[in-house]
Amino acid sequence: MSAQEIAEKRQATLKMSKVGLDALIKQKPELQKEIEAAPGYAVFSTTNINVVLLVVARGEGVLFEKRRPEPIFMQAMKTGEGIGAGYQDQYQVIIFKNTDAIDQFLLTSIDGQRGGIDVDANFSAGSGGTIRSFNPNITIYTVGLSGYDLQANYGGTLYLVDQQLNDAKTLNSLPAKKN
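Because the structure is a prediction, the values reported are computed rather than measured.

So, the pattern of salt bridges
For the structure on display, the rule yields six salt bridges. Note that Arg10 and Glu70 form a salt bridge whose closest N and O atoms lie 3.8 Å from each other. Pair noted here: Arg10 is in helix 1 (residues 3-27) and Glu70 is in the loop between strand 1 (40-65) and strand 2 (72-96), with a separation of 60 residues, a long-range link. Relative accessible area serves as the criterion here: at 33%, Glu70 is assigned to the partly exposed category. Put simply, Arg67 and Glu65 hold a salt bridge, and the shortest N to O gap is 2.3 Å. When its relative accessible area of 43% is taken as the criterion, Arg67 is described as partly exposed. A relative accessible area of 7% means that Glu65 is categorised as buried. The network of salt bridges with common partners includes Glu65, Arg67, Arg68 and Asp103.

Some points on the packing of aromatic side chains
In total, this model carries four aromatic pairs according to the counting rule given. Ring centres of Phe44 and Tyr159 lie 5.0 Å apart, and the angle between their planes is 55°; on these two criteria the pair is classed as tilted. Here Phe44 is found in strand 1, whereas its partner Tyr159 is found in strand 6 (residues 138-161), with 115 residues between them in sequence. Phe44 gets classed as buried once you look at its relative accessible area, which sits at 0%. Chaining the aromatic ring pairs together yields one cluster made of Phe44, Phe96, Phe105 and Tyr159.

Definitions and limits used
- Residues numbered from 1 in each chain as written.
- Predicted model: local features only at pLDDT ≥ 70, side-chain atom pairs only at ≥ 80, totals over all residues.
- Heavy atoms only, no water.
- Salt bridge = Lys/Arg side-chain N within 4 Å of Asp/Glu carboxyl O.
- Helix = DSSP H or I, 4+ residues; strand = E, 2+ residues; numbered from the N terminus.
- Buried < 20%, exposed > 50% of the residue type's maximum accessible area, 1.4 Å probe, protein only.
- Phe/Tyr/Trp six-rings, centres within 6.5 Å; stacked < 30°, edge-to-face > 60°.

Written out as structure tokens, the structure is:
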């Protein structure tokens, strides 16, 4: 990608995150205070596909953290299994309850890629709801954009730091991997 394409993609992702966060707060105004008090949150735009016993999703997003001046651009990929049918474009808003949860989210390294893994369970009918993470220090909310999903599944989501959209300063500010 050229420097201009990277700048445009960053701006589009930031705009998406604002729209997604505003949509969640419109649906659940009581979350405004929780988000403001949280040490950080992330917003992703994902496409979910549920076919009989398989669920897959892919998307992109951005993590905002009070300790860092720059947002961290990320990608999301999910796979899981369970009963379901449907296709849906949605926003995912992840609220971190403490900085350790953020650090854990950013520490996983897969083939040199930095990011996090979350294991979750989901039961939903329609276009929004809450995904139950097995990490008690994060909460994931969904807001449907289009499509309809009927699902009862569990799976894992891989969140990778986008090496192309983040500048070197941001990449260097990520937590150091613990040995």
